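# Remarks on the overall topology
Listed below are the residues making up each chain.
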Amino acid sequence: MALTSVFYDGPVTETDRATNRAGAADYGVIGAEDFKVSAHPSIPYALNLAAGVAHGYGVSDTAAATQVVQCDTLATGTRWDLIVAHRNWQPILGGPSTLEVIQGGATIPDIQTLRTIGPGVEDDQPLALVKWTGGLNTPSQIIDLRCWAGNGGLVAADKLALDYLARPGADVLIGSTTWRYSLGDNSVWGWRPEILPLVDIGQGSARPIFKSLEVRVVLNTFLVADIIFPTAFPTALVSISFQRRHTTAGPVTFTVVSGSTNRTRAQIVASGASAGQELYITYQAWGY
């Protein structure tokens, strides 16, 4: 069943206007499960997208029933597919929107270079990244990229969604952290976590400094990886914590190697992982 789309050229009713959320944010879905991507229970290489409403750049799309999208088979290796709601304002009248699969490569792709960006012409709303492993006809991993627009800001399912939500002034809540796209040093725009001020970190009048970043590491033979800060703390690193990202695999415990931390780096052991394994880790570090 095709999507029902309104706010392309053509007739619009007062009910359409009253229920429209398409002006609330660039992108979003309405309900908690709307357009959620999951594995199809019986069709190989197929995905279900739950019924609901999605919106992007003035257009609202309604799926009255579960939608099915078909991905290509994969004999060997790994492939990441980007699942999107594709909106086409061309030709005259435009629409309705469609659900599309954009093939990526063997590693998590750059969403912004993979999708089409062109509101008013052609534009893709990211919904999920899906990992396929050669020989398996069901997904190895699904990363939820959806977001929800409320009366005070956005909520997103995964930090990767920040890639396509970057716009000056944007506030996005992910987990317990609010990320703001703000102007930083040297007039450079970027995502920065909103941090409550510390009363004291035990360093007198020294100004506390917070650093948070997602990094990719590859474990060595001893399951050890180095975390190098892009810029060093001026004086010292006080504390640091780690969180594994983008995986449904078994648990991994991170331990800081004794004596390995300084103002430029930290070294960790990843218990529960394997030598040579690639991990995506978000660290949160305080220093001065």
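The structure contained in this document is the topic of the report that follows. Every value quoted in this text rests on a predicted model; they were computed, and no experiment measured them. (Residues numbered from 1 in each chain as written. Predicted model: local features only at pLDDT ≥ 70, side-chain atom pairs only at ≥ 80, totals over all residues. Heavy atoms only, no water.)

### Quick notes on unusual backbone geometry
- The omega torsion of the bond from Gly95 to Pro96 falls at -5°, within 30 degrees of zero and hence cis.
- Examined against the element boundaries, Pro96 turns out to sit in the loop between strand E8 (78-88) and strand E9 (98-103).
- One non-glycine residue with positive phi stands out, namely Phe35, at about 60°.
- Following the sequence through the fold, Phe35 ends up in the loop between strand E2 (27-29) and strand E3 (37-39).
- The class for Phe35 is buried, based on a relative accessible area of 1%. (Helix = DSSP H or I, 4+ residues; strand = E, 2+ residues; numbered from the N terminus. Buried < 20%, exposed > 50% of the residue type's maximum accessible area, 1.4 Å probe, protein only.)

### A short note on the environment of His86
- Secondary-structure assignment places His86 in strand E8.
- The sequence separation of His86 and Asp123 amounts to 37 residues, and the corresponding C-alpha distance is 5.9 Å.
- Leaving out residues up to four positions away in the same chain, His86 has contacts with Ser97, Thr98, Glu100, Glu122, Asp123 and Asp124.
- Engagement of the side chain of His86 in a polar contact is seen with the side chain of Asp124, the distance being 2.6 Å. (Contact = heavy atoms within 4.5 Å. Polar contact = N/O pair within 3.5 Å; in protein donor to acceptor, adjacent residues only side chain to side chain.)

### Brief notes about the sheet that holds strand E18 (residues 224-228)
- One open sheet accounts for 3 strands, arranged E18-E21-E20; its pairing is antiparallel. Here the strands that pair on one side only, and so sit at the sheet edges, are E18 and strand E20 (253-256). Taken pair by pair, the neighbouring strands of this sheet meet at an average axis angle of 35°, ignoring direction.
- The pairing of E18 with strand E21 (residues 265-271) spans 5 bridges and is classified as antiparallel. From the neighbouring strand, Asp226 faces E21, where its bridge partner is Gln267. (Pairing = 2+ DSSP bridges. Axes fitted to C-alpha atoms, helices over the stretch in contact; angles between N-to-C directions.)

### Quick look at the pairing of strand E14 (residues 171-174)
- Residues Val172 and Ile174 point to one face of E14 and are all buried, whereas Asp171 and Leu173, pointing to the other face, are not buried.
- In this structure, strand E13 (residues 154-156) lies alongside E14, joined through 2 bridges in parallel fashion. Residue pairing across strands places Val155 opposite Leu173, the latter belonging to E14.
- Inspection of the sheet shows E14 paired to strand E15 (residues 177-183) by 4 bridges, in the antiparallel sense. Opposite Asp171, over in E15, you have Arg180 as the bridge partner.
- Connecting E14 to the antiparallel partner E15 that follows it, the hairpin turn spans 2 residues, and Gly175 within it adopts a positive phi of roughly 65°.

### Comments concerning the side chain of Thr177
- Assignment of secondary structure puts Thr177 in strand E15.
- Each residue touching Thr177, except ones within four places of it in the same chain, is listed here: Val172, Pro193 and Gln284.

### As for the pattern of salt bridges
- Taken as a whole and judged by the stated rule, the model has 8 salt bridges.
- Arg146 is the partner of Asp144 in a salt bridge, and the nearest nitrogen-oxygen pair spans 2.9 Å.
- Given the relative accessible area of 3%, Arg146 is considered buried. (Salt bridge = Lys/Arg side-chain N within 4 Å of Asp/Glu carboxyl O.)

### With respect to the environment of Thr133
- Position of Thr133 among the secondary structure elements: in strand E10 (residues 122-133).
- Along the chain, Thr133 and Trp80 lie 53 residues apart, while their C-alpha atoms are 9.0 Å from each other.
- Among residues more than four places away in sequence, those in contact with Thr133 are Leu74, Gly77 and Ser140.
- Separated by 2.6 Å, the side chains of Thr133 and Ser140 make a polar contact.

### Description of the packing of aromatic side chains
- In this structure the tally under the stated criterion is 10 aromatic pairs.
- Taking 5.6 Å as the distance between ring centres and 70° as the angle between the ring planes, the aromatic pair formed by Tyr27 and Tyr164 counts as edge-to-face. With Tyr27 in strand E2 and Tyr164 in helix H3 (residues 162-165), this pair connects stretches of sequence that are 137 residues apart.
- For Tyr164, a relative accessible area of 4% translates into the label buried.
- Residues Tyr181 and Trp189 carry aromatic rings whose centres are separated by 6.2 Å and whose planes lie at 15° to one another, so their mutual orientation is stacked.
- Residue classification places Tyr181 among the buried residues on the basis of a relative accessible area of 17%.
- Residue Trp189 is classed as partly exposed on the basis of its relative accessible area, which comes to 40%.
- Taking NZ or CZ as reference, Lys159 lies 4.8 Å from the ring centre of Trp179, over its face.
- Here the guanidinium or amino end of Lys211 rests over the ring plane of Phe233, the centre of that ring lying 4.9 Å away. (Phe/Tyr/Trp six-rings, centres within 6.5 Å; stacked < 30°, edge-to-face > 60°. Lys NZ or Arg CZ within 6 Å of the ring centre and 35° of its normal.)

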